[in-house]
Amino acid sequence: MNRRHISLASLAALWLTTRALMLWLLAHDSAPLLGRGAVAREVWRLYFHWYGLLSHGAFPAHDTLWQYPPGAGAVLLSPALLPGLTYFQAFVALTLATDAVIALALARAGTRAGRSLLGAALWTGGLPLLLHIPLARYDIQVTALAVISLLTLSRSTRACGVFAALGALVKVWPALVLLGTPRGRPTRSAWTWAAGAGAVTLGLFAFVFTDPLSFLRQQSGRGVQIESLGGTALSLARHAGWSGRVRYQYGAMEFTGPYVSAVAEVSLALTAAALCVLLLWRVRARRWSEATPFDAALCAVLLFTVTSRVISPQYLVWLLGLAAVCLTSRHTAQRPVAALVVAASAVSAVVYPTLYGEVIRCTWTGSLLMLLRNGLLAAAAGLSLVRLWRATRPLPTTAVPAIGSPAGPDRVPHRTLSTP
């Protein structure tokens, strides 16, 4: 048996072992350090409630907790494909199956010539750092669409665009994976097919369901979640005498009080600034490698995550998936960024569910934990942007010396051409 087969066998064994552990944690979800049942409750209570409404052709338009694009409805209805199981059991089974699809896709990409199995290893070993949370959220499903979109780019720009559009209709952010598509025909093809697939699918949802865009009303009312970067600043401000409080609203623990609206506005401004920086990068980028689309996707999602008013623990699932795609290529510039994402994932599991009470009460332990987790994410975002920018800027050209110069005929430097 060659080294490749041994590596694939090791990855398979690691996946089976870690996923069994994650299932065990989910089965013991009621333990104090595992969230006292809060993690699993979202599926068997909230998702199942929405399932009942969706199965009758209506989105939960008046539910302030419904803040997701219409494609999320399809994911929440998918447990009906396994009628022999309860809703909770079917949801977890499908989530595990999707997790396996991601691992297989990354492993297949990693076995191609010039590629690496590090991506499959990061996904397989990194996801369990979030404990059982990934199995009780549908972020693995949307991450699968983004991962497949990126991995199909080199073979089919049409498929890349379609998968990105489907992902965006489930949770918006997968639209960002198209940011780094190579200029010219690949970009036109991927973006055109994404727009077409998105329009057709959205029209289908509008035909089958009522109020498919109701989520927009709920998103506009979101405040500053305690786990966001702005929330970390407000948490530390509590120790300096700020009078704000933490309250459950819009499905999350959010800050209320003086200056909260200003912090929210700053977050939105930073998100807009991040978009401008990314567009500027695309305009000025000149060199594309096979890893550039992967690196750009990770960078974009990192920037939008750290500037968001909300950073839920399941957001780390997205970042782990995109970091894993980057590591399938030996040309990626994001290896240290991937390490920071893994570290942030490990800290995030301590934040929620293990010591979430400390975070809610804004104790020094909770505040410093949030400072560490979000500091790692902010560092990852900044480093990702710098490395992406450097990797795609034009290479300096060196003039050829005149005949008879000291360089001599055997030391004439050559001119490196940049991709237009």
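Thresholds, definitions, all that
Residues numbered from 1 in each chain as written. Predicted model: local features only at pLDDT ≥ 70, side-chain atom pairs only at ≥ 80, totals over all residues. Heavy atoms only, no water. Helix = DSSP H or I, 4+ residues; strand = E, 2+ residues; numbered from the N terminus. Buried < 20%, exposed > 50% of the residue type's maximum accessible area, 1.4 Å probe, protein only. Contact = heavy atoms within 4.5 Å. Areas by Shrake-Rupley, 256 points an atom, 1.4 Å probe, with all protein chains shown as cover. Lys, Arg positive; Asp, Glu negative; His and termini not counted. Charge placed at Lys NZ, Arg CZ, Asp CG, Glu CD. Axes fitted to C-alpha atoms, helices over the stretch in contact; angles between N-to-C directions. Parallel < 35°, antiparallel > 145°, perpendicular 65-115°, else oblique. Left-handed = near helix turned anticlockwise from the far one by under 90°. Nonpolar A, V, L, I, M, F, W, Y, C, P; charged D, E, K, R; others polar. Pairing = 2+ DSSP bridges. Salt bridge = Lys/Arg side-chain N within 4 Å of Asp/Glu carboxyl O. pLDDT = per-residue confidence, 0-100. Patch = residues over 30% accessible without salt bridge, like charges linked within 9 Å, V, L, I, M, F, W, Y side chains within 5 Å.

**Remarks on the overall build of the chain**
Okay, so step 1: Helix and strand counts for the chain stand at 16 helices and three strands.
Okay, so step 2: By its C-alpha atoms, the chain is 80 × 55 × 45 Å across when sized along the principal axes.
Okay, so step 3: Burial analysis of the chain (420 residues in total) assigns 51% to the buried set.
Okay, so step 4: If you take every contact in the chain between residues at least 6 apart in sequence, the share linking residues at least 24 apart comes to 75%.
Okay, so step 5: A total of about 18800 Å² of accessible surface is found on the chain, and carbon and sulfur atoms cover 67% of it.
Okay, so step 6: Placing the 35 positive and 13 negative side-chain charges of the chain at their respective mean positions leaves the two points 10 Å apart.

**Remarks on the packing of helix 7 (residues 157–171) against helix 8 (residues 185–208)**
Okay, so step 1: Contact pair helix 7 / helix 8: the axes reach a minimum separation of 7 Å and the direction vectors enclose 40°. Viewed along their axes, helix 7 and helix 8 adopt a mutual orientation that is oblique. Viewed along their axes, helix 7 and helix 8 form a crossing whose handedness is right-handed. On helix 8, the residues touching Thr157, Arg158, Gly161, Val162, Ala165, Leu166 and Leu169 of helix 7 are Arg185, Pro186, Ser189, Ala190, Trp193, Ala194, Ala197, Gly198, Thr201 and Leu202.
Okay, so step 2: Classifying every residue of the contact of helix 7 with helix 8 gives 10 nonpolar, five polar and two charged.

**Brief notes about the sheet that holds strand 3 (residues 252–256)**
Okay, so step 1: With antiparallel pairing, the three strands of this open sheet are ordered in space as 1-3-2. The outermost strands of the open sheet, each flanked by one partner alone, are strand 1 (224–225) and strand 2 (245–249).
Okay, so step 2: In this structure, strand 1 lies alongside strand 3, joined through two bridges in antiparallel fashion. For Gln225, the partnering residue across the bridge sits in strand 3 and is Glu254.

**Here's the deal with unusual backbone geometry**
Okay, so step 1: Cis peptide bonds are those with omega within 30 degrees of zero, and the linkage from Tyr352 to Pro353 qualifies with 10°.
Okay, so step 2: In this structure, Pro353 sits in helix 14 (residues 335–354).
Okay, so step 3: Positive phi values are uncommon outside glycine, yet Tyr259 reaches one of about 75°.
Okay, so step 4: Relative to the assigned elements, Tyr259 resides in the loop between strand 3 and helix 11 (260–284).
Okay, so step 5: On the accessibility criterion, Tyr259 (61% relative accessible area) is exposed.

**Structural notes on the environment of Phe304**
Okay, so step 1: Note that Phe304 resides in helix 12 (residues 292–306).
Okay, so step 2: The class for Phe304 is partly exposed, based on a relative accessible area of 23%.
Okay, so step 3: Expressed as a C-alpha distance, the spacing of Phe304 and Leu176, which sit 128 residues apart in the sequence, is 9.5 Å.
Okay, so step 4: Excluding residues that lie within four positions of it along the chain, Phe304 makes contacts with Leu176, Thr271, Leu275 and Leu278.

**A short note on the pairing of strand 2**
Okay, so step 1: With five bridges connecting them, strand 2 and strand 3 associate as antiparallel partners. Bridge pairing in strand 3 links Arg245 to Thr256.
Okay, so step 2: Counting the residues that bridge the hairpin from strand 2 to strand 3 gives two residues, and of these Tyr250 lies at a positive phi of roughly 55°.

**Let's talk about the pattern of salt bridges**
Okay, so step 1: All told, the structure shown has five salt bridges when counted by the stated rule.
Okay, so step 2: Between Asp99 and Arg19 there is a salt bridge, and its shortest N-O distance comes to 2.6 Å. Of this pair, Asp99 sits in helix 4 (residues 87–110) while Arg19 sits in helix 1 (residues 3–27); the two residues are 80 residues apart in sequence, bridging distant segments of the chain.
Okay, so step 3: Accessibility expressed as a relative area gives 0% for Asp99, which makes it buried.

**As for the confidence of the model for the chain**
Okay, so step 1: Counting all residues, the mean pLDDT for the chain is 91, and 92% of those residues have values of 70 or more.
Okay, so step 2: Overall, residues 403–420 carries pLDDT values under 50, and its contacts beyond four positions in sequence, including any with other chains, amount to 22 contacts.

**Looking at the packing of helix 14 against helix 16 (residues 364–392)**
Okay, so step 1: One can describe the packing of helix 14 onto helix 16 by two numbers: an axis separation of 9 Å at closest approach and a directional angle of 160°. One way to sum up the angle between helix 14 and helix 16 is to call them roughly antiparallel. In the crossing of helix 14 with helix 16, the sense of the turn from one axis to the other is left-handed. Residue-level contacts link Pro336, Val337, Leu340, Ala343, Ala344, Val347, Ser348, Val350 and Val351 of helix 14 to Leu369, Met370, Leu372, Arg373, Leu376, Leu377, Ala379, Ala380, Leu383, Ser384 and Arg387 of helix 16.
Okay, so step 2: For the contact of helix 14 with helix 16, the per-class residue count stands at 16 nonpolar, two polar and two charged.

**Observations concerning a nonpolar patch on the surface**
Okay, so step 1: Among the surface-exposed residues, Leu202, Leu213 and Leu216 lie close enough to one another that they form a single nonpolar patch of about 250 Å² accessible area.
Okay, so step 2: Note that Leu213 resides in the loop between helix 8 and helix 9 (215–220).
Okay, so step 3: Residue classification places Leu213 among the partly exposed residues on the basis of a relative accessible area of 45%.

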